[in-house]
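If you want the building blocks of each chain, they are given just below.
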Amino acid sequence: MPTVRFQSGEMVMGRWPGSNLYYEVKVLRFSPKSQLYTVIYKDGTELELKDQDIKSATGFRTRSRSRSRSRSPARRRSRSRSPARITRRSSSQSTPNSRRDAKLKDVLEVRLKPLVGGPANPTKPVENNSNNKHENKEENDTANKVTEKPEAKVEAEPEMSQGRYNLRRRKDDGDAKAVEVKQLQLEEEEAKPTTVPAATSTTPLDFGGRIGAYFWLLFLPAWVLFLLLQVTLVDPSLANFPPPLPPLETLFDGQALGIVLLWTLFQALLYILPVGKVRVKSMPLRTGERLKYRTNGFFAIVVSAVAVAAAVYQGVDLTYIHSNFLQLAVASFLGSFLLSVYLYVRSRYVPPDQLALGGNSGNVVYDFFKGHELNPRIKNFDLKFFCEMRPGLIGWCVINFAMALAEMQEQHLEAPSHAMILVNLFQLLYVVDGLWNEEAILTTMDLMHDGFGFMLAFGDLVWVPFTYSLQAYYLVTHPNPLGLPALIAIVAIKLLGFYIFRMSNSQKNAFRRNPSDPKLAHLKTIPTATGKSLLVSGWWGVVRHPNYLGDLIMALAWSLPCGFSHLLPWYYMIYFIILLVHRNSRDMSECRRKYGSAWDEYCQTVRYRIIPGIY
Ligand SMILES: NC(=O)C1=CN([C@@H]2O[C@H](COP(=O)(O)OP(=O)(O)OC[C@H]3O[C@@H](n4cnc5c(N)ncnc54)[C@H](OP(=O)(O)O)[C@@H]3O)[C@@H](O)[C@H]2O)C=CC1
Ligand SMILES: CC(C)CCC[C@@H](C)[C@H]1CC=C2C3=C(CC[C@@]21C)[C@@]1(C)CC[C@H](O)C(C)(C)[C@@H]1CC3
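Worth saying up front: this structure is predicted, and the values here are computed from it rather than measured. (Residues numbered from 1 in each chain as written. Chains lettered and ligands numbered in written order. Predicted model: local features only at pLDDT ≥ 70, side-chain atom pairs only at ≥ 80, totals over all residues. Heavy atoms only, no water.)

K.L.:
Explain the overall build of the protein chain to me, and be specific about the residues and the numbers.
P.N.:
Across its full length, the protein chain holds 24 helices and 13 strands. Classification of the 615 residues of the protein chain by burial places 57% in the buried group. In the protein chain, the proportion of contacts linking residues at least 24 apart, taken out of those at least 6 apart, comes to 77%. Surface accessibility of the protein chain: about 26700 Å² in total, with carbon and sulfur atoms responsible for 63%. (Helix = DSSP H or I, 4+ residues; strand = E, 2+ residues; numbered from the N terminus. Buried < 20%, exposed > 50% of the residue type's maximum accessible area, 1.4 Å probe, protein only. Contact = heavy atoms within 4.5 Å. Areas by Shrake-Rupley, 256 points an atom, 1.4 Å probe, with all protein chains shown as cover.)

Here is the structure:
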């Protein structure tokens, strides 16, 4: 029976998740069931830590000091560097060699906010002696090990060696309260996890919790059904409730199921072909591990386009998709449901360090909905990555194309209408761009943080192909002639949105991949205790989610070609606002958890979330 080493109220040293940094924390409680301590950091962040991630404050100081005496020469050199010296160095001043040397020698020093005692945190600062301020809180020897691994270091450290901390963390209220923490966040390459924040049953529940999960599970498929029934009506409207329902037995169709299965297998085959950029590594996960991905999405869409064109040329009637839309959606729903069951079952058998932080409430329905395993894989086949980027996304373009053919047939046209062409081209551009920059998906919330369960499986395989294509479906039977000025205005809106979307996503992606990229050297950053920095100028200095802003402007351009007669083609825009606002708040909580006070500082500097001056 394990003993409880620390008592509630005790001040101890707690490891910051995903790093080797220890901070003074206060023990709030211990859960005998999960064997985890709930602790509170000085900045108010509450986390649950395993016993091995907590050290007693006294023992920690003693060990830390004795360890510091045996530091390697490289470490001693680095200790004599002051933060000021680091900030002065800039990429323009240093030669490649000197920069590389600096990268090899330097130690990232992050000045944290003073440790303020408060009601929830009535404690004194940890190390307030400026003589030993460089010695505190570094518990293990990862740093020493990694200084011998230049490659890894080069990747992790350049932000600081280029002196881009133009916007420094708040200056301490006097030296006495300062805490300086050293961090070598260098374990990127091959380092194995030393700590993983526990995914426990007390992780806050999202989407309305357990009751919410029941609701969404029933509501989402019903809502898709509702939309698909509406779009076939001459006068689609929310007032048409319930819409005329076809006989239930017609909803399932074996042929439609076969087509969905074949399409998915075809995409899986393309995914595993050794073509394109062979292996791209993800950002380091919480475990420190970096997964490898095959990013040949662009190749997949090109081959798919050729295959579809060949099929049409051979006489395959693609308008089948229009006339059997509901059946195809039901077949995809069945597929996504079975996949979710498989994902749920396997998530119960994987080691805890491969689980996402959410999706572990212990409630079957919630966990099934939210998903628990972070990156479920069958050998090297990454199920989440595949589902998010292939069958549904490329399928969406095929559906749009089929709708263009159906429009020509239905309205006896020689060519698709201008509105249909715009919708097709705009959405094709969106998908092709996503696949061309497929690597970028590896830094998104879905890949980095969310478990893979029903929500994403359904989202990827049903929601995206069958609701994102509603505008094209709508135009088949609801023509909307567009004049030249309207055409030009809509194209201009699309291009503006795309520019903002692409530039901001690329900027963040480039920064995360290589913070020392000379092209980004002019940007201001805020250092965080994890060793990663936050961009605070450039696109990410305008609003906190410039990429969402661009995406929303593009969504506007997708709806405009359908006109204003009905709400249905505007459905995507409305849904997308809700999705992105919710996503923004989820991301804010996640970043607050990860970056603590540095995130608050970012939010104070960049005040608006998505729309400058408004929201
Ligand atoms: N069409 C659709 O249905 C949908 C499209 N999208 C699009 O997908 C794309 C990805 O979206 P999503 O994953 O939600 O979010 P983001 O790509 O915006 O990623 C958020 C993450 O970026 C990092 N970050 C935040 N602020 C900064 C900063 N100032 N400096 C550096 N890094 C920062 C943080 O991660 P860390 O610090 O860990 O790197 C944060 O968790 C977006 O363009 C979005 O519009 C999204 C959802 C649905
Ligand atoms: C069913 C729920 C209510 C909502 C599920 C949400 C999902 C449909 C979306 C979550 C994030 C997504 C992204 C894309 C598609 C929609 C989902 C899966 C994306 C692949 C679209 C193409 C873009 O270029 C992108 C940036 C790669 C997108 C990434 C996020």
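K.L.:
Please provide a residue-by-residue account of a nonpolar patch on the surface, values included.
P.N.:
A cluster of nonpolar side chains, contributed by Phe 337, Leu 338, Val 341, Val 345 and Tyr 349, occupies part of the molecular surface with about 510 Å² of accessible area. Among the secondary structure elements, Val 341 is positioned in helix α12 (residues 325-347). Exposure remark for Val 341: the relative accessible area of 33% places this residue in the partly exposed category. (Patch = residues over 30% accessible without salt bridge, like charges linked within 9 Å, V, L, I, M, F, W, Y side chains within 5 Å. Salt bridge = Lys/Arg side-chain N within 4 Å of Asp/Glu carboxyl O.)

K.L.:
Lay out the environment of Cys 562 with the relevant residues and their values.
P.N.:
Locating Cys 562 in the fold gives a position in the loop between α22 (546-559) and α23 (571-595). In this structure, the C-alpha to C-alpha distance between Cys 562 and Leu 535, residues 27 residues apart in sequence, is 38 Å. Residues contacting Cys 562, with those up to four places away along its chain left out, are Gln 471, Tyr 474, Leu 475, Asn 480 and Pro 569.

K.L.:
Explain the pairing of strand β2 (residues 22-31) to me, using residue names and the numbers behind them.
P.N.:
With seven of 10 residues buried, β2 lies mostly within the body of the structure. Sheet analysis places strand β1 (residues 11-15) next to β2, joined by five bridges and oriented antiparallel. The residue bridging Gly 14 from the neighbouring strand is Tyr 23, located in β2. Bridge analysis of β2 against strand β3 (residues 36-40) gives five bridges, and the strand direction is antiparallel. Bridge assignment links Val 27 to a residue of β3, and that residue is Val 39. (Pairing = 2+ DSSP bridges.)

K.L.:
Pulling in residues and values, what's your account of the site of ligand 1?
P.N.:
As a structural note, the neighbourhood of ligand 1 is formed by 26 residues, with Tyr 468, Tyr 548, Asp 551, Asp 587 and Tyr 595 the closest of them. At a separation of 2.5 Å, an oxygen atom of ligand 1 approaches a polar side-chain atom of Tyr 468. Between a nitrogen atom of ligand 1 and a main-chain N or O atom of Leu 535, the distance comes to 2.8 Å. Protein chains bury 92% of the 910 Å² of accessible surface belonging to ligand 1 in isolation. For the shell around ligand 1, the secondary structure elements donating two or more residues are α20 (484-513), β13 (533-535), α22, α23 and α24 (597-605). For the shell around ligand 1, the element with the most residues is α23, which contributes eight residues. (Near = heavy atom within 4 Å. Polar contact = N/O pair within 3.5 Å; in protein donor to acceptor, adjacent residues only side chain to side chain.)

K.L.:
Tell me about the environment of Leu 549, residues and numbers included.
P.N.:
Looking at the secondary structure, you find Leu 549 in helix α22. Accessibility expressed as a relative area gives 15% for Leu 549, which makes it buried. Along the sequence, Leu 549 and Ile 500 sit 49 residues apart, while their C-alpha atoms lie 7.4 Å from each other. Setting aside residues no more than four positions away along its own chain, Leu 549 makes contact with Ile 610, Ile 611 and Pro 612.

K.L.:
Any details on helix α19 (residues 470-477)? Residues and values, ideally.
P.N.:
Burial within α19 is extensive, with seven of its eight residues counted as buried. Taken together, the buried positions of α19 are occupied by Leu 470, Gln 471, Ala 472, Tyr 473, Tyr 474, Leu 475 and Val 476.

K.L.:
Explain unusual backbone geometry residue by residue, including any values.
P.N.:
Phi angles above zero are rare outside glycine, and Lys 379 is one such case at about 55°. Checked against the element boundaries, Lys 379 lands in the loop between β10 (377-378) and β11 (381-382). The backbone of His 412 sits at a positive phi, close to 50°, despite the residue not being glycine.

K.L.:
Run through helix α9 (residues 254-272), naming residues and quoting values.
P.N.:
An ideal rise of 1.5 Å per residue puts 27 Å on 19 residues; α9 measures up with 27 Å between its terminal C-alpha atoms. Residues Ala 256, Val 260, Gln 267, Ala 268, Leu 270 and Tyr 271 constitute the buried set of α9. For α9, the angular spread of the buried residues around the axis is 165°, confining them to a single face. Of the exposed residues in α9, the ones pointing more than 90 degrees away from its buried face are Gln 255, Leu 261, Leu 262 and Leu 265. (Expected span 1.5 Å × (residues − 1). Arc of directions from axis to C-beta.)

K.L.:
Please set out the confidence of the model for the protein chain residue by residue, giving values where relevant.
P.N.:
Averaged over all residues, the pLDDT of the protein chain equals 76, while 72% of them reach at least 70. Contacts for the low-pLDDT stretch residues 62-202, under 50 throughout, to residues beyond four places or in other chains number 298 contacts. (pLDDT = per-residue confidence, 0-100.)

K.L.:
Describe the packing of α9 against helix α10 (residues 297-313), and please don't skip the residues or the numbers.
P.N.:
Here α9 crosses α10 at 135°, and the two axes come no closer than 10 Å. Here α9 lies oblique to α10, going by the angle between them. Considering how the two elements wind past one another, α9 and α10 form a crossing that is right-handed. Contacts between α9 and α10 involve Trp 263, Phe 266, Gln 267 and Leu 270 from the first element and Phe 299, Ala 300, Val 303, Ser 304 and Ala 307 from the second. (Axes fitted to C-alpha atoms, helices over the stretch in contact; angles between N-to-C directions. Parallel < 35°, antiparallel > 145°, perpendicular 65-115°, else oblique. Left-handed = near helix turned anticlockwise from the far one by under 90°.)

K.L.:
Tell me what's going on with the site of ligand 2, and back it up with residues and numbers.
P.N.:
Taken together, 14 residues lie near ligand 2, and Glu 388, Gly 434, Ile 441, Asp 446 and Asp 460 sit nearest. When the free accessible area of ligand 2 is taken as 630 Å², the share hidden by the protein chains comes to 87%. Listing elements by their share of the shell around ligand 2, those giving two or more residues are α14 (383-389), α16 (418-436) and α18 (454-467). At four residues, the largest contribution of residues to the shell around ligand 2 is made by α18. Of the residues contributing to the shell around ligand 2, the split by class is eight nonpolar, two polar and four charged. (Nonpolar A, V, L, I, M, F, W, Y, C, P; charged D, E, K, R; others polar.)

K.L.:
Tell me what's going on with the side chain of Glu 388, and back it up with residues and numbers.
P.N.:
Considering the arrangement of structural elements, one finds Glu 388 in helix α14. Despite being buried, Glu 388 has no salt bridge partner; Arg 583 is the closest side chain of opposite charge, sitting 5.6 Å away. The contact partners of Glu 388, leaving out residues within four places of it in the chain, are Leu 393, Ile 441, Asp 446, Leu 447, Leu 456 and Asp 460. (Lys, Arg positive; Asp, Glu negative; His and termini not counted.)

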